[in-house]
Structures are given as C-alpha cells and as structure tokens.
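Fold and contact review
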Amino acid sequence: MPSILKTSDSPILKVRDLRVRFNLAHHSLEAIRGVSFDVRRGEALGIVGESGSGKSQTMMAMLGLLAANGVASGEVWLEDRQILGIRERDLNTIRGNRMAVVFQDPMSSLNPYLRIEKQMTETLRLHKGMSVASARKRALEMLEAVKIPGARQRIRCYPHEFSGGMRQRVMIAMALLCEPAVLVADEPTTALDVTVQAQIIYLLDDLRRDFNTAIILITHDMGVVAGLCERVLVMYGGRVIEKGQAEDLFYRSHHPYTAALLNAMPKVDEACGERLKVIPGSPPDLQHLPSGCPFAPRCEYVMARCLEEEPGLETVTGDHARACFYDGLGG
Amino acid sequence: MSAAPPGRMEVEQELEDVRQGLWLDAWRRLRANRATVVSLGVLGVVILLVLFGPWLSRYSVAFTDWDHISMAPSLASGHWFGTDYVGRDLFVRTLAGGRISLAIGIAATGVSLLVGISYGAMAGFMGGRIDNIMMRVVDILYALPFMFFVILLMVVFGRNIILVFVAIGAVNWLDMARIVRGQTLSLKQREFIEAARASGVSSITIVRRHIIPNLLGVVVIYVTLTIPQVILVESFLGFLGLGVQEPNASWGALINDGAQEMETAPWMLIFPALFLGLTLFCFNFIGDGLRDALDPKDL
C-alpha cells in the first residue's frame, strides 16, 4: 500500500457548473445553481453549509442518485471521464469502485439481514471480480485498517451486533474496499458521540494518507472540517459563496456568512450562561429566492447593491474566492 | 456473450453462499424453538400418513361396504375411523383427502409466493409509472369475482382438479403482490438500499439480495395464513360442486359431509376436522418460528 502522500496537481475530480432542478407538481425548483470545484488526488475537501444549502444534493447528483424528479446538468469529470448523465450500467462500474460514499446514519446503512462479510465482499466481487476467498481476505484487511478489534470474529457478525461508531467504521471500510479515487463522506459523524466523532475523523485522515484517496467531507460542523480538510467550500442557497484553503477561511474569511458561521460555533471557554450565537433569520426558500444575494436578508453588512444583483465568485488571493460585494472583512 | 468480470457461475455460487448463510442460521435458530420443532415433527407425521396411510387399510377410497353403513370406529371391522352414510371407510378417505388438501394448499401458496414476490417487489422497487401500471393490473384482476372466474374456467376447460389449483393460485398471488409491494416501498427508503446503489449494485441484485431477504419475515407469516385459507377455499368450492368430485375427497369436503351427520355419526366430522386442525396449528407454529428464526436480531 502506498503510504506517501501525493497531492498531484491535476485534479482527479472536476465539477463544472453543476445544476440540479427538481420538478414538483406545479413548478420546478433549482436546488443547486452552478457549482464548480476541483479535488486533487489525496486531498480532503470540506463542503460546509446549513440544511438545504444543496451540499448533499451536490453529492447525490455527482453519483446519479438524485430522486426521480431531479434533473442534473453540467459536467462531472472523474479521472478524465465525464460521468454526469451517463447510463446507469456505466455508472454502476464507477460507483463504489472509483467513487464511494459513506452515509450519515450508520445504523440504517447496513442490511440487517446480511452478515458484514457478505455486504463487504459484494462490492469486491462485483467490481473486481474477486473469488470468494480473496474477497474475504481483502474485507478482513480493510476491517483491520479501520481498527475494528477482533476483525476475524467480527466479520461474521450481523450489523445489529455493532455499536454506532463501529458500524461507521464498517461503512468506511466498505467504501474503501475498491480503493476509490474519491470518497464522499456525507456527514459521517453527525449521528455519533463527540468522542467517537474525533476517532472517525482521525481514522479518515489516516486512511486518506494510507490509500491516497481524495475525501469530500460534507458537513455543517466547522470543527469537523478544521480537523480534516485542507480546502473548504462554503455553500449557501445552492451556490458556492466562498472557497479556499481552510486556514484562509477560518482566519481571513471574506464572506459575512462564513464569518457568521464561525462565530456561531459554541466555544468551551465562553462564559457560562451566555447565549449561543445564531445567524438571525432562516436559510432561503429555494422557491422564492431573493433577486440579489441569497444571504442579503440575513446579512449584517447588507448594501443596496446586494439586494439587486447576485455577486459572482471573485478571487481574493491565490485560490481563495468569495461571492460578496462587501470589502471590510478579512485580513 | 461477453464475459463480465464476475462470471455467471461465480455469481450464482456466491448467491448460493448467501442463501445458505441465511437459511443455515435460520435453521440453527429454528431448532432452538420447541413449539416449532414439535410442529415440524407432527406435520411430518401427518404428511407421511397422508402419503402412505391409505395403503395400510384394506379398503379403497370408493369402496362401499354395504354391511357397515354409518358405523362407529372399530378395530374389528378394519374401519378404524368408522364409515360414512354409504359405507365408505373414513380412515382411507381422510388420509386420501389430505393428499388433495395439502397439495392444493402447498402448490397454490407456492405459486402465489413465486409470482407475488417477484411481481410485488419489482413494482415497488421500480416505482413511478411502472408501479402504477402493474398495480392497476392487480386491481383489475382483483375486481374479477372469484366464483365467476372458477365457473368460467370449468366451463371452458371442463371439470378438473388441476383447474382448482390454477384458480386458487391465480387469485392468491394478488394479495401477496400487494403486501410485498407495500413492504418494498418502505424498504426502498432505507439507507442501506441507497448505500447499495451508491456502491454500484444493479437493480436486480438489489431486489434479490437486499429487498427480498428483508421481506421474508412478513412473507412467511402471510404464507402460514394462506395455506389454511387455501384449504378452506377448496372445501368451499367442493361444497358448490366445483372442487374435488366424488368419490374423491378432500378435508374440506369431508368436513362438509360430516357436519351434516354430526348428530348421528360424529366421527364423520371429528376425524377430518382433527387432521385439518392439527395441520393448521402446525403451519401457524412453524410460520411463527420461521419469522423469528429469519430475523438475525432474534437470537
């Protein structure tokens, strides 16, 4: 197994102007409005946003897993192959093989009727055409890689015999079985205890180094992003509103929304009894998006211009970009 | 044919493996359930009796013993269960009737199982327009009056016991399809199905591997309810002169006859009813045990 971290410059995953539209009974709704980003080999990218910002749908669209009434447009290039909108059969050779997913809830992501062994070997037999014996051996190796104690016995267990954290480890092991180029983790720690959360994040980080797999971490938890990701994408109202190196965003954020998100994180050293900070208002209703910047109604720096035109992504420095007209932030 | 990475043989071998795993575990758990084990034993005895019992007696199904009409059970005459109002031996008739009742029960349920599960699971899994069309077909068939359907079959193809099998099977799978579809719809929303899709598993494999095993609990219970129901439907058909015809018998037909002679010759009712009751009890206990055994969470 390669253990040297290679972050080559050519991106392994390129998403260009991804748009997702859901056709409802009487109208349609645009959930993602032109999202573009790159992920390089072995890199960890965080996608952050509130509920309804479109972060999960971005992933679903990339994998062709949108609901039946969802339509995606744009381009998704995985290892120099356009995969958006291709046939289900071709997609099935990519999903789980070159791009894998870890879902949010480990309690319901495993088939309760099959032993872990069966569920793990399924992917290997399907994509790699391995024999039963070698698939079993590989599954065992992966369980050991995700640090499940007594893997040899545990592989014969049913999902209900595992705790939540252990199940998430199994899910991660399953996702990594075929050594995918990209691993998408959709809120992998949301359903877990805080202590287990940290373990899972460290585990993901280790595995990223060991397998040189790019990780896309979808979360609303800035703390989780800080622990794992080098680059961060902040989404709001179906668009990317700021992106850049994690450090730039955390310490030199140029968007009021990112700043507000960071400010809303509870801090341990805050005085007791002090109220948690919130961003006033609620996320935009995608059916009735304001004409200008979608964040304008909640923004404390809102200007007349913000209500009329929607700011585009503009480079601040290097690969740090933001979509905002206000200049007083950052630095 | 192109040789896709996992060869057909290998996939089948693997499926075999899965099936064995599931059923082997189920068997292990089943053996721990006393009521089920006893029921299996009793049912086994009933089946053996029904298959080979009639040969033990010196009488045949149609033979009328004019010397012993409506006679109570006795060892001396060789009529161990007594005789009916035309002097036919009840022991032979009860066991021979069991052949037909059990065969109809198992065959019709088997058909409804096979057709119902694949149809319902497919409709539920595909969803949308396909589901709509498939289920409207079920509705239309459902609306067809059962008796009318049976009479039509009899008129067109003549009276034949096979037709009773066909008729009952053709109607029973509708219920099964509806139940299975409903279950599949709710299973489809579960995250492990999404996870399977996200790891590139094809639809057919998802249905076979992830949906159907999760349906088994409900299906098994339904099957144990269906077998008795089918046996009773057959007796109802027999009562109307559409089912098994004299001199052949089935449990339903015998109980019907027995009920009319209940006051003068109670044995005519007691023996067939005893066998039917015993069999139905066994199926219920076995179904209950199977349901528990098939759920990995119940150890």
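Basis of the calculations
- Residues numbered from 1 in each chain as written.
- Chains lettered and ligands numbered in written order.
- Predicted model: local features only at pLDDT ≥ 70, side-chain atom pairs only at ≥ 80, totals over all residues.
- Contact = placed C-beta atoms within 7 Å.
- Helix = DSSP H or I, 4+ residues; strand = E, 2+ residues; numbered from the N terminus.
- Nonpolar A, V, L, I, M, F, W, Y, C, P; charged D, E, K, R; others polar.
- pLDDT = per-residue confidence, 0-100.
- Pairing = 2+ DSSP bridges.

Attention now goes to the interface of chain B and chain A. Counting residues at the interface gives 25 residues for chain B and 31 residues for chain A. Counting residues per element, the ones that place at least two in the side of chain B that touches chain A are α1 (8–31), α7 (191–198) and α8 (203–239) of chain B. Tallied by class, the residues present in the side of chain B that touches chain A amount to ten nonpolar, eight polar and seven charged.

It is worth spelling out the confidence of the model for chain A at this point. Detailed reading of the predicted coordinates is not advisable wherever pLDDT is low. Here chain A averages 86 in pLDDT, and 96% of its residues register 70 or above. Here residues 1–7 of chain A scores under 50 on pLDDT; set against residues more than four positions off or in separate chains, the count is 15 contacts.

Another point: the sheet that holds strand β5 (residues 81–82) of chain A. Residue and element names in this part refer to chain A. Ordered by their spatial adjacency, four strands build an open sheet running β2-β1-β4-β5, and the pairing between neighbours is antiparallel. Each of the sheet's edge strands pairs with one partner strand only, and the pair in question is β2 (28–40) and β5. Both strand β1 (residues 11–23) and β2 contribute to a ladder of ten bridges, which runs antiparallel. Its bridge partner lying in β2, Val15 is registered against Phe37.

Let us now look at unusual backbone geometry. Residue and element names in this part refer to chain A. Phi is positive for Asp17, which is not a glycine, with a value near 50°. Tracing the sequence through the fold places Asp17 in strand β1. The phi dihedral of Glu187 falls on the positive side, at around 45°, and the residue is not glycine. Along the chain, Glu187 turns up in the loop between β7 (182–186) and α7 (194–211).

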